[in-house]
Amino acid sequence: MGTNLARKILKAHLVEGELTPGTQIAIKIDQTLTQDASGTAAYLQFEAIGLPRVRTEVSVSYVDHNMLQMGFENADDHRFLQSTAHKFGLYFSRPGNGICHQVHAERFAAPGKTLLGSDSHTPLCGGLGMIAIGAGGLDVAVAMGGGAFYLIMPKILGVKLTGHLQPWVSGKDVILDMLRRLSVKGGVGRIIEYFGPGVASLGVIDRTTITNMGAELGATTSIFPSDEQTRLYLEAQGRGASWQPFAADEYAEYDELIEINLDELEPLIAQPHMPDNVVPVREVAGIPVQQVSVGSCTNSSFRDLSIVAHVLKGKAVHPNLSFTVSPGSKQVYATVARTGALADMIDAGARMLESACGPCVGMGMAPPSNSVAVRSFNRNFEGRSGTKDARVYLASPETCAATALTGVITDPRDMGEYPAIAMPVRFDINDSMIIPPAAEGAEAEAVEIQRGPNIKPLPRFGPLEDSLTGEVVLKVGDNITTDHISPAGAKVLPLRSNLPALAEFTFERVDKTFASRAKEAVSGFIIGGSNYGQGSAREQAALAPRYLGIKGVMALSFARIHRSNLINFGLVPLIFASQEDYNLVDQADHLEIRQVREQLQAGPNVVVRNLTRGLDINLTHNMSQHELEILLDGGLLNHLKIQAGNN
Ligand code: MIC
Ligand code: SF4
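Criteria and cut-off values
Residues numbered from 1 in each chain as written. Chains lettered and ligands numbered in written order. Predicted model: local features only at pLDDT ≥ 70, side-chain atom pairs only at ≥ 80, totals over all residues. Heavy atoms only, no water. Helix = DSSP H or I, 4+ residues; strand = E, 2+ residues; numbered from the N terminus. Rg over C-alpha atoms; globule rule 2.2 N^0.38 Å. Buried < 20%, exposed > 50% of the residue type's maximum accessible area, 1.4 Å probe, protein only. Lys, Arg positive; Asp, Glu negative; His and termini not counted. Charge placed at Lys NZ, Arg CZ, Asp CG, Glu CD. Near = heavy atom within 4 Å. Nonpolar A, V, L, I, M, F, W, Y, C, P; charged D, E, K, R; others polar. Expected span 1.5 Å × (residues − 1). Polar contact = N/O pair within 3.5 Å; in protein donor to acceptor, adjacent residues only side chain to side chain. Areas by Shrake-Rupley, 256 points an atom, 1.4 Å probe, with all protein chains shown as cover. Phe/Tyr/Trp six-rings, centres within 6.5 Å; stacked < 30°, edge-to-face > 60°. Contact = heavy atoms within 4.5 Å.

J.: Let's hear about the overall build of the chain: which residues, and what values?
T.: Summing up its helical and strand segments, the chain has 23 helices and 27 strands in all. In terms of overall size, the chain behaves like a compact globule, its C-alpha atoms giving a radius of gyration of 24 Å where 647 residues would be expected to give roughly 26 Å. Taken over the C-alpha atoms alone, the chain extends approximately 70 × 60 × 55 Å along its principal axes. The buried share among the 647 residues of the chain stands at 63%. Here the chain holds 55 positive side-chain charges and 68 negative ones, and the gap between their average locations is 3 Å.

What follows is the structure, encoded as structure tokens:
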């Protein structure tokens, strides 16, 4: 049996462990990326680690999330990020240059390499044959310093693609089909590797849509081979020299296998409020829509916008809806301007936004109350759009364009002949918005880091206490997202580098009293269902609860990135054995974990006493030795300091 591609790249980067699923490994990271919403904390943490320069092959700091400058906060953060990038040896992608993942694919991604990014959609670059993983900012800060990235070796799920996509069906429909089959939990503990005869027919743009939204499956990452399509894409970017072929061996072995016949796929749509709530578009066709938005790192490329322009050319968007378009990058924006697609969209009534995350992260363009929005994005969690009672659907740019014209959800196959979009053989390359770092040595040393009043120092936490007692401040159900825990949006995101202010919004959309009750309790716990902490990589979803006095989270299961973030910030993640055990704890109960340090070190079992009900519950932890050491020290920064002191 041959070796699959994911294992090949992991093997070439392995610094610790063996590639046995379920065991801990550590891999060398070649490239890192951050975006502004997670980047400010990441660079404060990099500073705290105390290294003068990044030690990766390429590290890039992007600004794409916090773009509305309604006060000084975001502008201050941008300046901080520009100065830290310059000093520490990173490329800085200026606001306006585009969404981190789109720009990284265009300008930096390289087949066969590893990439760690402080954003859950970092796997987009897996569409170019690299292992690209999302993580908390602190893990990325460590990788910037040359430290290995620790993870539990995932299973490799092979997805054999056969056939060809039919007209009006595109990459988004492939990943929506995956979500329909596997659910938002289906990818947890897995790398999803696409292979088979259907792969060659998919361009890099369709591939990156698929790998991007693999994050919604909970997968560690997703990967496509690097082949002729990859070569064409990189040549068009003037980066043919970065191309190398990478593929699984023939008859490669996979831990699990599924097959998708692309011939059979039809346009699909995810209904509110989860990306896996997927049905064929024709099943919901006719529902009136008040907003359509094309953009986000999932679907904002030249191909996507060109299709939209083709559908809209010479027509007008429906009077009952508002139609926004955010090009994924400056390159995409400039290219659609040159081909005339931009004029076609503007003529038709598109509201053109800047190249940024924009409405995807609630930075403006909240839909009207009690409305329906159809978006080409990747997340439709309740309230994420900025309007709590808006019903957000996720669909391909094709479906979005058709819907924008008719005013009701529309199967794009009703739009006539499918346009053949010719990708440019060579884009006009202009990297004027990417600032290279200052030269190492005197030039870098002279760079002053610019801190506005919005940048507050990192809090210091002590080591894990001997015993933990506290109140259950909140009990929630399954599939709680990090958007529930630490919301994004125009109001809250500017506070990402100001933890005391940010913490006030913790669980705001679930229970407005959470922050004040947590502070009052002084020491507390959160009870979660399964897949607790799915969604974004934001470490503030661990950091803010810790700041408010939360000591641990007990859940039926955890999403990967959030689980690591909890450990990195010293919160104990414990797992209930069953739904019955989960039922043994209620909100406001008082819990005690006696000799928690000893219990954790002795093995997987941890007894939690429910003082209110007078009973013991047996929970477990699944932390590796490395993770346990981090937790006992009170978090990764403490751990690194202690280690440095010992060396
Ligand atoms: C998101 O899509 O939720 C974000 C905003 O890009 C987050 C990052 C963040 O919250 O900083 C993500 O996906 O990791
Ligand atoms: Fe930005 Fe949305 Fe992509 Fe997150 S999912 S990186 S907010 S475009």
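J.: Outline the site of ligand 2, listing residues and values.
T.: The environment of ligand 2 is formed by His65, His101, Asp119, His121, Ser296, Cys297, Cys357, Cys360, Val361, Asn378 and Arg384. Within the shell around ligand 2, the residues separate by chemical class into four nonpolar, five polar and two charged.

J.: Any details on helix H2 (residues 36–49)? Residues and values, ideally.
T.: Taking 1.5 Å as the rise per residue, H2 with 14 residues should run 20 Å; its terminal C-alpha atoms sit 19 Å apart, in good agreement. All of the buried residues in H2 are Asp36, Ala37, Ser38, Gly39, Thr40, Ala41, Ala42, Tyr43, Leu44, Gln45 and Phe46. The N-cap of H2, judged by a side-chain oxygen 2.6 Å from the amide nitrogen of Ala37 a few residues on, is Gln35. After H2 finishes, the residue Gly50 shows a positive phi value of roughly 95 degrees.

J.: How would you sum up the site of ligand 1? Please name residues and give values.
T.: Residues in close proximity to ligand 1 total 14 residues, the closest being His65, Asp119, Ser120, Ala537 and Arg538. Between an oxygen atom of ligand 1 and a main-chain N or O atom of Ala537, the distance comes to 2.7 Å. Burial of ligand 1 by the protein amounts to 96% of the accessible area it has alone, namely 340 Å². Counted by class, the shell around ligand 1 contains three nonpolar, six polar and five charged residues.

J.: An account of the packing of aromatic side chains is needed here, citing residue identities and associated values.
T.: What the rule picks out here adds up to nine aromatic pairs. When the ring of Phe302 is compared with that of Phe427, the centres are 6.2 Å apart and the planes differ by 90 degrees; the resulting orientation is edge-to-face. Pair noted here: Phe302 is in helix H10 (residues 302–312) and Phe427 is in the loop between helix H13 (397–406) and strand E20 (434–435), with a separation of 125 residues, a long-range link. In this structure Phe302 comes out as buried when scored by relative accessible area, which is 6%. Its relative accessible area of 7% is what places Phe427 among the buried residues.

J.: Break down the side chain of Asn565 for me, citing the residues and quoting the values.
T.: Structurally, Asn565 can be placed in helix H19 (residues 560–568). Within the local environment of Asn565, its side chain forms a polar contact with the backbone oxygen of Ala537, the two atoms lying 3.1 Å apart. Aside from chain neighbours lying at most four places away, what touches Asn565 is Gly136, Ala537, Arg538, Glu539 and Ala542.

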